[in-house]
Amino acid sequence: GQQVMQIPQYQHVQEGEDFTTYCNSSTTLSNIQWYKQRPGGHPVFLIQLVKSGEVKKQKRLTFQFGEAKKNSSLHITATQTTDVGTYFCAVSFGNEKLTFGTGTRLTIIP
Amino acid sequence: DAGVTQSPTHLIKTRGQHVTLRCSPISGHKSVSWYQQVLGQGPQFIFQYYEKEERGRGNFPDRFSARQFPNYSSELNVNALLLGDSALYLCASSLTGGLDGEQFFGPGTRLTVL
């Protein structure tokens, strides 16, 4: 079936360092969503990207959609302890079901 | 405003039993989707219902079924439970029938099958 690969699976960073997670698809995507799930919590929507090459920012978070619409990235500048959690990308192939990536678990070393 | 609510929060069952999980969407949302999240993995799509009709189905066996009521709340039923059904079951609601918009997730029901 159609899948989205997300790397890395885990990332441990010192507080204040930057963090990036990547999402890759073998097929062209119509859009991509990003979610954050805190430990013990549920996924919370962060953003949706639709246009080729689109870049969106939310404070310290920068989201990018590739020119070919096959990949996306989430970059966090100067991580804080509140950034701890698992970050998922999610895509809807043919708008029939929402497929989540494998997730990147971010831990912060104070 | 109340978010998506799910009940129960935790549930323990034994193999072979059946279970019913419930979800109430955000007021005004007509779409409800169900996901299974096994520990350490991303949510896996099970069903989507919109306006009381099934809009999408993931790769789950027929033991899994769902329905949506006139008030847009939803139930997920799982029959003949297996140990592998132990997971966090998440419900998400959205305004429209498409899955290309923000999904609002509930807190989930943690199911343990012994």
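Here, the structure is the one placed above.
Rules of the game
Residues numbered from 1 in each chain as written. Chains lettered and ligands numbered in written order. Predicted model: local features only at pLDDT ≥ 70, side-chain atom pairs only at ≥ 80, totals over all residues. Heavy atoms only, no water. Helix = DSSP H or I, 4+ residues; strand = E, 2+ residues; numbered from the N terminus. Rg over C-alpha atoms; globule rule 2.2 N^0.38 Å. Buried < 20%, exposed > 50% of the residue type's maximum accessible area, 1.4 Å probe, protein only. Pairing = 2+ DSSP bridges. Axes fitted to C-alpha atoms, helices over the stretch in contact; angles between N-to-C directions. Polar contact = N/O pair within 3.5 Å; in protein donor to acceptor, adjacent residues only side chain to side chain. Contact = heavy atoms within 4.5 Å. Disulfide = S-S within 2.5 Å. Salt bridge = Lys/Arg side-chain N within 4 Å of Asp/Glu carboxyl O.

**A look at the overall build of chain A**
Okay, step 1: Counting secondary structure elements, chain A contains zero helices and eleven strands.
Okay, step 2: In terms of overall dimensions, chain A is globule-like: its C-alpha atoms have a radius of gyration of 13 Å, near the 13 Å expected for 110 residues.
Okay, step 3: Overall size of chain A, expressed as C-alpha extent along the three principal axes, is 40 × 25 × 20 Å.
Okay, step 4: Counting all 110 residues of chain A, 47% fall into the buried class.

**Points about the sheet that holds strand S6 (residues 55-58) of chain A**
Residue and element names in this part refer to chain A.
Okay, step 1: One open sheet accounts for five strands, arranged S1-S3-S8-S7-S6; its pairing is antiparallel. Looking at the sheet topology across the chains shown, the edges are occupied by strand S1 (4-7) and S6. Each neighbouring strand pair of the sheet contributes to a mean axis angle of 15 degrees, computed without reference to strand direction.
Okay, step 2: Bridge count for S6 against strand S7 (residues 61-65) is four bridges, and the pairing is antiparallel. In the strand pairing of S7, Val-55 is matched with Gln-64.

**Some points on the side chain of A:Ser25**
Residues and elements named next belong to chain A.
Okay, step 1: On the secondary structure map, Ser-25 appears in strand S3 (residues 19-25).
Okay, step 2: The buried category is assigned to Ser-25, whose relative accessible area is 10%.
Okay, step 3: For Ser-25, the side chain forms a polar contact with the main-chain oxygen of Thr-27, separated by 2.9 Å.
Okay, step 4: When sequence neighbours within four positions are dropped, the list of residues in contact with Ser-25 reads Gln-3, Val-4, Lys-70 and Phe-93.

**Focus on the sheet that holds strand S7 (residues 64-68) of chain B**
In a beta sheet, neighbouring strands are held together by backbone hydrogen bonds and run either parallel or antiparallel to one another.
Residues and elements named next belong to chain B.
Okay, step 1: One open sheet accounts for four strands, arranged S1-S3-S8-S7; its pairing is antiparallel. Here the strands that pair on one side only, and so sit at the sheet edges, are strand S1 (5-7) and S7. Going across the sheet, the axis of each strand differs from the next one's by a mean of 15 degrees, ignoring polarity.
Okay, step 2: Where S7 and strand S8 (residues 74-78) come together, five bridges link them in antiparallel fashion. Within the sheet, the bridge partner assigned to Ser-65 lies in S8 and is Asn-77.

**Describing the state of the cysteines**
Simply put, the disulfide is a covalent bond whose two ends are the sulfur atoms of two cysteines.
Residues and elements named next belong to chain A.
Okay, step 1: Overall, the coordinates contain two disulfides over all chains when judged by the stated rule.
Okay, step 2: What pairs with Cys-23 in a disulfide is Cys-89, and their sulfur atoms sit 2.0 Å apart. Around the S-S axis, the bridge from Cys-23 to Cys-89 shows a dihedral of about 65 degrees and counts as right-handed. Of this pair, Cys-23 sits in strand S3 while Cys-89 sits in strand S9 (residues 85-92), and the two are 66 residues apart along the sequence.

**Quick notes on the pattern of salt bridges**
All names here are of chain B.
Okay, step 1: In the structure shown here, the tally under the stated rule is seven salt bridges over all chains.
Okay, step 2: The shortest N-O distance in the salt bridge between Arg-57 and Glu-54 comes to 3.3 Å.
Okay, step 3: Assessed through its relative accessible area of 40%, Arg-57 is described here as partly exposed.
Okay, step 4: Close ionic contact of Arg-63 with Asp-85 constitutes a salt bridge, the shortest N to O distance being 2.8 Å. Highlighted residues: Arg-63 in the loop between strand S6 (53-57) and S7 and Asp-85 in the loop between S8 and strand S9 (87-94), separated in sequence by 22 residues. Neither Arg-63 nor Asp-85 differs from the other in exposure class; each is buried.
Okay, step 5: Look at the salt bridges and you will find they share partners, linking Arg-22, Arg-67 and Glu-75 into a network.

**Points about the pairing of S7(A)**
Each regular strand carries side chains that alternate between the two faces of the sheet.
Residues and elements named next belong to chain A.
Okay, step 1: Of all the five residues making up S7, four are buried; the element is thus mostly covered by neighbouring parts of the structure.
Okay, step 2: Hairpin geometry of S6 and S7 is characterised by an intervening segment of two residues between the two adjacent antiparallel strands and by a positive phi of about 55 degrees at Lys-59.
Okay, step 3: Judged from the five bridges that link them, S7 and strand S8 (residues 71-76) form a sheet pairing that is antiparallel. If you follow Gln-64 over to S8, its bridge partner there is Ser-73.
Okay, step 4: The turn linking S7 back onto S8 is made up of five residues, and Lys-69 within it adopts a positive phi angle of 55 degrees.

**Focus on unusual backbone geometry**
All names here are of chain A.
Okay, step 1: Here the bond from Ile-7 into Pro-8 is cis, since omega is -5 degrees, no more than 30 degrees from zero.
Okay, step 2: By the element assignment, Pro-8 lies in the loop between S1 and strand S2 (10-14).
Okay, step 3: Despite not being glycine, Lys-59 has its phi angle at roughly 55 degrees, a positive value.
Okay, step 4: Mapping Lys-59 onto the fold places it in the loop between S6 and S7.

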